[in-house]
Amino acid sequence: MEKRLAFLVSILGVGVFVAFHLAQPPFRVHRKLLVDLPYNLLPNAILVTDLDMDGHPEVMVIATETSFSVWVRSLFGKPSSIRLTNIQHFEDWGGGCACAKEEAKALLKKVSETPLRALPVLVAGNRLRLLRWRGGRAVFERLSPLPDVPINHRDTYAGIWHGHGTGNIFLTVATRGEKWFFVLTSKGEWRFVGKWREVDHLFDADIADIDRDRRPDLLAFGKGVGVRIFWGGRKGSANLGTCCHYLRPLVADLDGDGWLEVAMVAEDKWLQIWRFNPHQKKMRLLAVSLPFSLSDLQEGDELRLADLDGDGKKEIIVPDDRGSAVVQFRDGKLRVWKGKADKIRGMLLYTAKGTKFYNSDIMTRGGKDFTILWVLPKGKRALSPSNWRRQEVPIRFEFVGDIDGDGSDEVLGYDSRWNCYRLYQVHPVKSGLLHWESVYLGKDIAFPLVFATIKDGSRRGLVMAVETKGKFKRLELLTVEGTR
């Protein structure tokens, strides 16, 4: 009798332990109030950077709805606030008027990962200045050698752009019939790289040293104008022809030989690979693919670069009417895989414990929103879209990124089944799909505007603005700790 009772008690103890373990959240989420701002925030109005160079990043509000001011506050150190007046907002900071929502998010993420020692702003008289923070006060400097003329948004304008191939961030200022270009260096400074008169009717695409003369060159394109390379170390330019609408050209070292290639889809829908020939001192067409089916192009359909098979070299993902196509350039030849996977709509491929996935679109079923994902297998099998696994999750993505620094991305999204916002961690399972574990963020989050991840030593977090009473005034820091 006693043995039976002891056995039942032990079984009950194990059950309680298992129930207690399962009742625990898969990971812990902490929300810290940074400030309740007296004004409403606008999208893409916050940067995370170390402007005062003290080794600790700050959150900078560079635009508001009712005033033009900059607010700086340390996140992990002692709380402090700095209000700078007489500063107008550099309104093209989000990437210019042509910058889409996803592109602006990618730009802000890139800037947050790069040191920024000087912030371009407009001061009184619409003069462009570099804002620095030294000795506890704001310092404004001219952007040399740019002429000191007002930015009137008619014949003089400015914008910050993100190179999709190289990832370079560059500032463009148009004045007096010329376009001036400044690249954000790895040390956070704006370095002048050149000025060109011939690019007024072209959209900026990327800046890179294509001819390897240690002088950055400008790759630009425009609808009906063509793709052109303006040399930085010498006069003249190279005309590569007219590209297919929406599909901007990309610059990248596709085969790992140290030379940058230019990938573009011409109007005849053939993918072309160009490279500079050092002997002939001109661009040379290296490879051409068979034409793609591109009759259903829409805004947001772009050429994209990603290392799908993990060999350290990037492949080109081409949107196709039948789905997606993967193009690999190796040893002077192109290899193409096609499949029925939907077109990529997200800006980047995401990682879940070493497994890559991307979101292609949002569908509505029964009044609920579902995000369509494509999960990629590991290795060379990921090159063929026919091997990608389709998965539907009842989540509307608001943010995807590595918040806790473990190498795997978290997802902040809206759960359409329970009408609430949750934070998800993603784990691959044997079926080739993804298992989603989530933590409820609270009923007070009506709608989050997520701005950037932040890293201060070993501490990491996510800065987001939360809607309260119809306005985005509550600024919070979200951190993640693992429990299992």
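Residues numbered from 1 in each chain as written. Predicted model: local features only at pLDDT ≥ 70, side-chain atom pairs only at ≥ 80, totals over all residues. Heavy atoms only, no water.

Draft legend 1. Region of the structure containing the overall build of the chain. Each helix and strand in the chain was counted, giving 2 helices and 36 strands. Within the chain, the fraction of its 484 residues that count as buried is 53%. Relative to all contacts within the chain whose residues are 6 or more apart in sequence, the contacts with residues 24 or more apart total 46%. About 23000 Å² of surface is accessible on the chain, with carbon and sulfur atoms providing 51% of the total. (Helix = DSSP H or I, 4+ residues; strand = E, 2+ residues; numbered from the N terminus. Buried < 20%, exposed > 50% of the residue type's maximum accessible area, 1.4 Å probe, protein only. Contact = heavy atoms within 4.5 Å. Areas by Shrake-Rupley, 256 points an atom, 1.4 Å probe, with all protein chains shown as cover.)

Draft legend 2. Spatial organisation of the environment of threonine 355. With respect to the helices and strands, threonine 355 occurs in strand β27 (residues 355-365). Residue class for threonine 355 comes out buried when judged on its relative accessible area of 7%. Linking threonine 355 and proline 377, residues 22 residues apart in sequence, is a C-alpha distance of 7.0 Å. Not counting chain neighbours up to four residues away, the residues in contact with threonine 355 comprise Tyr350, Val375, Leu376, Lys378, Pro428 and Leu434.

Draft legend 3. Representation of the sheet that holds strand β25 (residues 333-339). Spatial ordering of the open sheet is given by β22-β23-β24-β25, a layout of 4 strands whose pairing is antiparallel. Each edge of the sheet is formed by a strand with only one pairing partner; in this case those strands are β22 (304-306) and β25. Taken over all neighbouring pairs, the strand axes of this sheet differ in orientation by 30° on average, direction set aside. Across 5 bridges, strand β23 (residues 315-320) lies against strand β24 (residues 323-330) in antiparallel orientation. Residue pairing for β24: isoleucine 316 is matched across the bridge by valine 327. (Pairing = 2+ DSSP bridges. Axes fitted to C-alpha atoms, helices over the stretch in contact; angles between N-to-C directions.)

Draft legend 4. Region of the structure containing empty space enclosed by the protein. Scanning all chains against the criterion turns up 4 cavities of 30 Å³ or more. By volume, the largest cavity is sized at about 70 Å³. Lining the largest cavity are Arg127, Leu128, Arg129, Arg142, Leu143, Leu146, Pro147, Asp148, Val149 and Ile151. Split into classes, the residues belonging to the lining of the largest cavity amount to 6 nonpolar, no polar and 4 charged. (1 Å grid on protein atoms, 1.4 Å probe; cavity = no way out; pocket = protein on both sides within 12 Å on 5 of 7 lines; lining within 4 Å. Points joined across faces, edges and corners; volume = space filled by probe spheres on them. Nonpolar A, V, L, I, M, F, W, Y, C, P; charged D, E, K, R; others polar.)

Draft legend 5. Focus on the packing of aromatic side chains. With the rule as written, the count across this model stands at 13 aromatic pairs. Between phenylalanine 181 and tryptophan 196 the ring centres are 5.4 Å apart and the planes differ by 65°, which places this aromatic pair in the edge-to-face class. With a gap of 15 residues between them, phenylalanine 181 in strand β12 (residues 178-184) and tryptophan 196 in strand β13 (residues 190-196) connect regions that are remote in the sequence. The exposure classification of phenylalanine 181 matches that of tryptophan 196, with both residues buried. Across from the ring centre of tryptophan 259, 4.6 Å away, lies the NZ or CZ of arginine 212, which sits over that ring. (Phe/Tyr/Trp six-rings, centres within 6.5 Å; stacked < 30°, edge-to-face > 60°. Lys NZ or Arg CZ within 6 Å of the ring centre and 35° of its normal.)

Draft legend 6. View of the side chain of glutamate 178. Structurally, the position occupied by glutamate 178 is in strand β12. If we ignore the near neighbours within four places in the chain, the residues touching glutamate 178 are Val173, Lys195, Trp196 and Arg197.

Draft legend 7. Spotlight on the side chain of aspartate 206. Relative to the elements of secondary structure, aspartate 206 occurs in strand β14 (residues 203-208). At 8.8 Å, arginine 248 is the nearest oppositely charged side chain to aspartate 206, a buried residue that forms no salt bridge. From its side chain, aspartate 206 meets the backbone nitrogen of glycine 165 in a polar contact 3.3 Å long. (Lys, Arg positive; Asp, Glu negative; His and termini not counted. Salt bridge = Lys/Arg side-chain N within 4 Å of Asp/Glu carboxyl O. Polar contact = N/O pair within 3.5 Å; in protein donor to acceptor, adjacent residues only side chain to side chain.)

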